[in-house]
Amino acid sequence: MFMIVGLGNPTAQYAGTRHNVGFDVIDRIADEYNISVESRKSRAFVGTGMIAGRKALLVKPQTFMNLSGESVRGLVDFYKIDVETELLVVYDDVSLDVGQLRIRKKGSAGGHNGIKSLLAHLGTNVFLRLKVGVGEKPAQYDLADYVLGHFSKEDRNIMEESYKRAVHAVELLAAGETEQAMNEYNKKVKREE
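Residues numbered from 1 in each chain as written. Predicted model: local features only at pLDDT ≥ 70, side-chain atom pairs only at ≥ 80, totals over all residues. Heavy atoms only, no water.

Peer 1: What exactly am I supposed to notice about unusual backbone geometry here?
Peer 2: Negative phi values dominate among residues other than glycine, just as trans dominates among peptide bonds. Its identity is not glycine, yet Ala52 carries a phi of approximately 55°, on the positive side. Mapped onto the elements, Ala52 comes out in the loop between strand S3 (44–51) and strand S4 (54–61). Given a relative accessible area of 42%, Ala52 falls into the partly exposed group. Here Lys80, not a glycine, exhibits a phi torsion of approximately 55°, which is positive. For Lys80, the position within the fold is in the loop between helix H2 (68–79) and helix H3 (83–86). Residue classification places Lys80 among the exposed positions, given a relative accessible area of 70%. (Helix = DSSP H or I, 4+ residues; strand = E, 2+ residues; numbered from the N terminus. Buried < 20%, exposed > 50% of the residue type's maximum accessible area, 1.4 Å probe, protein only.)

Okay, structure coming up:
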């Protein structure tokens, strides 16, 4: 089974914020594949379906971002997921331009508290990541305030296109086409001026 975890914060006040792009990508995948992500297990909303001919588990942890690892660890144990080959984590990245995607096979937390929690609970830094750029925070902003803020109308439009690309990237990753996905999505997106 291929487990796809989108990181975010529960409750309506965080819906649509930069920090919740992981949840937004899971919602787009669920829509595309007609998967209901409403069952509850290990303090997460989960749903199963088929993606690229592979059984997939969609996950939206409900522990709040900084404790994401607790929820994910419980699911990894329950479903006997091989973290290095069967886990994909989707989350926001402030070091990438708005809408930019980046796929990595391993790495550090890079200051992301959700990933810090995963690293602590999974005991490895080797798992697939799909980072979704939310843009660099302006100098005068506090990082927490920035990632918990909402996109401008223009950036929202860019993100909608990005979510479509993210769904396709996830399809390739689920099919085991990691190198192809990296080649296709790890390059800068040209913006129309």
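After that view, the rundown keeps rolling.
Peer 1: Which parts of the structure should I look at to understand the pattern of salt bridges?
Peer 2: Side chains that differ in charge, positive against negative, can pair when their charged atoms come close. Throughout the structure, instances matching the rule amount to seven salt bridges. The partner of Arg43 in a salt bridge is Glu70, and the shortest N-O contact between them spans 2.7 Å. Linking Arg43 in the loop between strand S2 (39–41) and S3 with Glu70 in helix H2, this pair joins segments that are 27 residues apart in sequence. For Glu70, a relative accessible area of 29% puts it in the partly exposed group. The salt bridge partner of Glu161 is Lys164, with a shortest N-O separation of 3.2 Å. Remark: Lys164 and Glu161 occur in helix H6 (residues 153–174); sequence separation between them is three residues, near one turn of the helix. Overall, Glu161 belongs to the partly exposed group, its relative accessible area being 45%. When its relative accessible area of 55% is taken as the criterion, Lys164 is described as exposed. (Salt bridge = Lys/Arg side-chain N within 4 Å of Asp/Glu carboxyl O.)

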